[in-house]
Amino acid sequence: MFHPLRYQRGSYQRGAISLFWGAIGSALLAALGMAALFSIGSERNLFAEGAAKAGKMVGTSPAGKVIDSARDAVKGVTGKGDGVMRKCVINGKTVISNTDCTPENRSSKVIEIHDTKGFEAPKKPPVEKASPGSNPVLDKIIEKQLR
């Protein structure tokens, strides 16, 4: 079939994104993906925090309610518990906590926490002193005879 723009000289493709804007779009998409991965790694929601700072709509958004409930939960937990780490089952899930697992819970077991140093390099054996190559007394006798 004959296309009218096919045989014209000096005409460029129209209606498409240029290579430059394609690269810019790919870089922005990669930056958003990296921000999402970093927020997952630090267990924060950077997008919700950014929206809260930019829009000042924390109270009305669902993310704001989650943030507020997390703050309330943290405030409510501080100061509770006896400081002993316990392992128990709550709602069918195994939990290790010093506040949620109370001594009254039948599945509660006290666990001991051991501080470890992690992986350490193997220690080198002590260096033995090398025995002298000759007897020092004989060396003195030889020096006296050479004089």
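Data block above holds the structure.
What counts and how
- Residues numbered from 1 in each chain as written.
- Predicted model: local features only at pLDDT ≥ 70, side-chain atom pairs only at ≥ 80, totals over all residues.
- Heavy atoms only, no water.
- Helix = DSSP H or I, 4+ residues; strand = E, 2+ residues; numbered from the N terminus.
- Buried < 20%, exposed > 50% of the residue type's maximum accessible area, 1.4 Å probe, protein only.
- Pairing = 2+ DSSP bridges.
- Disulfide = S-S within 2.5 Å.

Draft legend 1. How the structure looks around the environment of Glu49. Along the chain, the position of Glu49 falls in helix α2 (residues 46–55). In this structure Glu49 comes out as partly exposed when scored by relative accessible area, which is 25%. Considered as a pair, Glu49 and Ile67 are 18 residues apart in the sequence and their alpha carbons are 9.2 Å apart.

Draft legend 2. The pairing of strand β1 (residues 86–90), seen in detail. Sheet analysis places β1 next to strand β2 (residues 93–97), joined by five bridges and oriented antiparallel. Following the sheet pairing, Val89 is matched in β2 by Thr94. Hairpin geometry of β1 and β2 is characterised by an intervening segment of two residues between the two adjacent antiparallel strands and by a positive phi of about 55° at Asn91. Here β1 runs beside strand β3 (residues 109–110); their pairing, made up of two bridges, is antiparallel. Each residue of the ladder has a partner; that of Lys87, found in β3, is Lys109.

Draft legend 3. Broad picture of the state of the cysteines. Applying the stated criterion across every chain yields a total of one disulfide. One disulfide bridge connects Cys88 with Cys101, the sulfur atoms lying 2.1 Å from each other. A torsion of -75° about the S-S bond marks the disulfide between Cys88 and Cys101 as left-handed. Placement of the pair is Cys88 in strand β1 and Cys101 in the loop between β2 and β3, with a sequence separation of 13 residues. One exposure class covers both Cys88 and Cys101, and it is buried.

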